[in-house]
Amino acid sequence: VHLSVQGSQDLAGQIYRQLRAAMVEGRLAAGERLPSTRALAVQLGVSRKTTLEAFDRLTAEGYLGARQGDGSFVNEGLHRLTEAVPPSMVTRLTATPVWERVPEALSMPVPTPTLPIDFRGGSTDRGAFPFDAWRRCMLHALRATARGFSGYRDPAGEQELRLAISRYLAVSRAVTRQWREVIVTQGAQQALDLIARVMIRPGDVVAMEDPGYPPARACFAAAGARVVDVPVDGEGLVVERLPAQARLVYVTPSHQFPLGMPMSLSRRVALLQWAQRHAALIVEDDYDGEYRFEGRPLDALKSLDQADTVAYVGTFSKTIFPELRLGYMVPPGALHQALCKARQTVDWHSCMMTQTALAKFMLDGDFARHQRRMHKLYGKRRELLLARLRGPLSPWLEPLESVAGIHLAAYIKQPIGETELIDAAARAGIGLYGLAPFHNRAGARPGLLFGYGATDLEHVERGLTGLERLLPTLGRNRLG
Ligand SMILES: Cc1ncc(COP(=O)(O)O)c(C=O)c1O
């Protein structure tokens with residue numbers, strides 16, 4: 001076995017790792033005798049202390065055994081490691097069949113390298129985030145952590161954060177004033193996962209909007225549910241098309257994902273009644289409902305929920321940024337305890353420091369200030385997008401009605417395919433995203449999803465001007 005050492009750092013560690021690898025891979029066979037520590041030290045040009053240290057560690061971990069006065073030997077027990085593994089053993093390790101049905105890529109494909117102008121959804125404006133205020137809140141959280149006892153915390157989340165969220169939800173979404181009803185999660189995604197864990201038995205029917213949010217679909221499918229697609233129209237989910245056996249209905253009533261229309265009041269009432277009649281749970285994903293731009297918006301569906309059949313789910317992914325991984329839910333009272341137990345079995349709770357920092361950020365008013373600022377910034381981008389979609393781009397694109405959120409959907413009016421347009425735009429340096437990945441059934445109308453969270457006004461303008469130039473050439477090419 002060839003050994004070598006490099007530099008002067010951690011020489012014993014280098015020898016230890018090379019010998020260990022040689023034994024595990026079978027290059028040093030069980031029972032084989034190793035050179036003496038003295039001989040090895042001379043051979044490698046290191047001190048005897050170094051080789052002794054490496055051998056001592058290998059002996060302590062059971063790789064080497066010693067025979068009195070006869071040096072060190074590779075432990076006999078190791079020969080089993082290097083026996084050929086029968087192929088049946090390798091193939092026996094498979095995930096449960098449910099995972100074959102879960103789609104591989106849960107988010108939109110992102111072009112590489114990133115394009116100069118990018119209308120990707122799901123991102124927020126990092127440059128506009130008040131990092132100085134956030135730093136102050138993180139320092140406060142560090143100090144609080146240093147002072148407190150070490151130990152596991154409440155799976156439902158830090159009390160201050162639950163309090164801050166309940167106040168925010170009461171004012172902003174008319175949802176709850178009771179902090180005890182709030183459960184903090186690692187983003188909306190974990191809320192959906194916990195709900196699936198406590199609600200779904202394999203084979204249960206879950207109804208989802210189509211088009212809809214693929215990560216939610218994956219979550220329910222992973223729990224063993226039979227996910228049934230329900231169409232949406234201009235008023236949101238078509239309630240009459242719900243399958244009678246559905247145990248859970250997942251909806252995005254404030255801003256249908258990805259099309260954008262709000263669910264009408266009559267549909268909301270019909271959905272609540274349907275859920276009560278069928279003893280089903282409604283999961284309301286209010287992922288970006290706080291950014292409302294037109295008219296008097298409807299409060300959350302949960303605010304109409306007299307019978308406690310709605311699990312309200314929200315996130316900081318759009319109001320702060322997705323990497324924070326913090327969200328929340330207000331479930332029906334009957335599920336609260338099971339959800340907290342489920343959370344404890346998964347990962348016990350979210351990081352206490354981040355929760356404490358976010359609570360301070362909210363209670364000090366920084367969050368509200370940030371939101372007001374972003375509302376203005378996003379509002380301007382949205383106005384520009386709508387004006388251009390309804391104006392110069394109107395022969396090709398038709399924006400869908402939407403009153404909230406940080407993305408807009410538009411149908412393609414001409415006979416131009418989504419992929420054709422996306423590819424041509426990418427060649428012109430503009431990142432566009434299609435609606436097809438969100439449709440589960442074939443034959444959907446081609447369209448685009450314009451995210452403007454991370455695209456500033458100048459880039460929105462340049463991107464749209466580029467499209468105004470590009471689209472006529474595509475149209476002409478096709479007609480020609
Ligand atoms: C429909 C929908 N729900 C939830 C989320 C956010 O999920 P999370 O809080 O896990 O980041 C998004 C983000 O794009 C979304 O589009």
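To start, this report covers the structure provided alongside it. (Residues numbered from 1 in each chain as written. Predicted model: local features only at pLDDT ≥ 70, side-chain atom pairs only at ≥ 80, totals over all residues. Heavy atoms only, no water.)

## A look at the overall build of the chain
Each helix and strand counted, the chain has 16 helices and 15 strands in total. The globule rule puts the C-alpha radius of gyration for 480 residues at 23 Å, and the 29 Å found for the chain is more than 25% above it. Viewed in the frame of its principal axes, the chain has a C-alpha envelope of about 90 × 60 × 50 Å. Taking all 480 residues of the chain together, the buried fraction comes to 51%. Once local pairs closer than 6 in sequence are excluded, the contacts in the chain between residues at least 24 apart make up 73%. On the chain, roughly 23,100 Å² of surface is accessible, and the fraction owed to carbon and sulfur atoms is 53%. (Helix = DSSP H or I, 4+ residues; strand = E, 2+ residues; numbered from the N terminus. Rg over C-alpha atoms; globule rule 2.2 N^0.38 Å. Buried < 20%, exposed > 50% of the residue type's maximum accessible area, 1.4 Å probe, protein only. Contact = heavy atoms within 4.5 Å. Areas by Shrake-Rupley, 256 points an atom, 1.4 Å probe, with all protein chains shown as cover.)

## As for the packing of helix H9 (residues 187-199) against helix H12 (residues 333-346)
Contact geometry for H9 and H12: axes closest at 9 Å, N-to-C directions at 110°. As summarised for this structure, H9 and H12 are arranged roughly perpendicular, according to the angle between their axes. Crossing of H9 against H12: the hand is right-handed. The segment H9 lies against H12, with Gln190, Leu194, Ile195, Arg197, Val198 and Met199 engaging Leu335, Ala338, Leu339, Ala342, Arg343 and Val346. (Axes fitted to C-alpha atoms, helices over the stretch in contact; angles between N-to-C directions. Parallel < 35°, antiparallel > 145°, perpendicular 65-115°, else oblique. Left-handed = near helix turned anticlockwise from the far one by under 90°.)

## Some points on the packing of aromatic side chains
In total, this model carries 17 aromatic pairs according to the counting rule given. Aromatic side chains Trp134 and Phe361 sit 5.4 Å apart centroid to centroid with 85° between the ring planes, which places their arrangement in the edge-to-face category. Highlighted residues: Trp134 in helix H7 (residues 131-147) and Phe361 in helix H13 (residues 352-363), separated in sequence by 227 residues. Under the relative-accessibility criterion, Trp134 is labelled buried at 10%. (Phe/Tyr/Trp six-rings, centres within 6.5 Å; stacked < 30°, edge-to-face > 60°.)

## Digging into the site of the ligand
Taken together, the neighbourhood of the ligand is formed by Gly187, Ala188, Gln189, Tyr213, Tyr250, Phe257, Asp285, Tyr287, Thr315, Ser317, Lys318 and Arg325. Separating an oxygen atom of the ligand from a backbone N or O atom of Ala188 is a distance of 2.6 Å. Lys318 has a polar side-chain atom sitting 2.9 Å from an oxygen atom of the ligand. In isolation the ligand offers 400 Å² of accessible surface; the protein chains occlude 91% of this area. It is H9 that contributes the most residues to the shell around the ligand, three residues altogether. A class-by-class count of the residues in the shell around the ligand yields five nonpolar, four polar and three charged. (Near = heavy atom within 4 Å. Polar contact = N/O pair within 3.5 Å; in protein donor to acceptor, adjacent residues only side chain to side chain. Nonpolar A, V, L, I, M, F, W, Y, C, P; charged D, E, K, R; others polar.)

## A few points about helix H3 (residues 48-60)
A rise of 1.5 Å per residue sets the reference length of H3, with its 13 residues, at 18 Å; its end C-alpha atoms lie 18 Å apart and thus fit the reference within 8%. Among the residues of H3, Thr50, Thr51, Ala54, Phe55 and Leu58 are the ones counted as buried. Across the axial projection of H3, the buried residues extend over an arc of 130°, all falling on one side. In H3, the exposed positions angled more than 90 degrees off the buried face are occupied by Lys49 and Ala60. If you follow the buried residues of H3, they end up packed against helix H1 (11-24), helix H2 (37-44), strand S1 (64-66) and strand S2 (72-74). Where H3 ends, the next residue or the one after it, Gly62, has phi of about 95°, a positive value. (Expected span 1.5 Å × (residues − 1). Arc of directions from axis to C-beta.)

## Quick word on the nonpolar core
Ranked by internal contacts, the top residues of the largest apolar core, which has 31 residues, are Leu397, Leu421, Leu432 and Phe450. Only helix H14 (366-390), strand S13 (407-412), helix H15 (418-427), strand S15 (447-451) and helix H16 (457-479) provide two or more residues apiece to this core. Examining the composition of this core, we find that six residues originate from one element, H16, more than from any other. When neighbours within four sequence positions are excluded, Leu421 is seen to be in contact with Ile412, Ile416, Leu432, Leu448, Leu470, Leu471 and Leu474. Counting residues in each nonpolar core, the second largest holds 28 residues, with Val182, Ile320, Phe361 and Phe367 among its members. (Core = buried A, V, L, I, M, F, W, Y, C linked by side-chain atoms within 4.5 Å.)

## With respect to H1
Relative to the 20 Å expected for 14 residues at 1.5 Å per residue, H1 spans 20 Å between its end C-alpha atoms, a close match to the ideal helical length. Residues of H1 that are buried: Leu11, Ala12, Gly13, Gln14, Ile15, Tyr16, Leu19, Ala22 and Met23. Gly26, located one to two residues past H1, shows a positive phi value of around 90°.

## A few points about the sheet that holds strand S6 (residues 226-233)
Pairing is mixed across the open sheet formed by eight strands, whose spatial order is S4-S11-S10-S9-S8-S5-S6-S7. Of all strands in the sheet, those with a lone pairing partner are strand S4 (183-185) and strand S7 (236-237), marking the two edges. Running at roughly 155° to strand S10 (residues 310-315), H9 makes contact with S4, strand S8 (248-251), strand S9 (281-285), S10 and strand S11 (327-330) of the sheet. Packing of H12 onto the sheet brings it into contact with S4, S9 and S11, and relative to S4 it is tilted by some 35°. (Pairing = 2+ DSSP bridges.)

## Comments concerning the sheet that holds strand S12 (residues 397-399)
Pairing is antiparallel across the open sheet formed by three strands, whose spatial order is S12-S13-S15. Since the sheet does not close on itself, it has two edges, and those belong to S12 and S15, each with one partner. Here the average twist between neighbouring strands, direction ignored, is 30°. Taken together, the three bridges between S12 and S13 define a ladder with antiparallel strand orientation. The residue of S13 that forms the bridge with Glu398 is Tyr411.

## Side note on the pairing of strand S5 (residues 205-210)
Where burial is concerned, most of S5 is hidden: six out of the six residues are buried. The side-chain alternation of S5 yields two buried faces, one formed by Val205, Ala207 and Glu209 and the other by Val206, Met208 and Asp210. Bridge count between S5 and S6: six bridges; the pairing is parallel. Bridged to Glu209 within S6 is Val230. Crossover connection from S5 via helix H10 (residues 214-222) to parallel S6: handedness right-handed. Bridging between S5 and S8 involves three bridges; their strand directions are parallel. Within S8, the residue paired with Val206 across the bridge is Leu248. (Right-handed = clockwise from strand over helix to strand, strands pointing away.)

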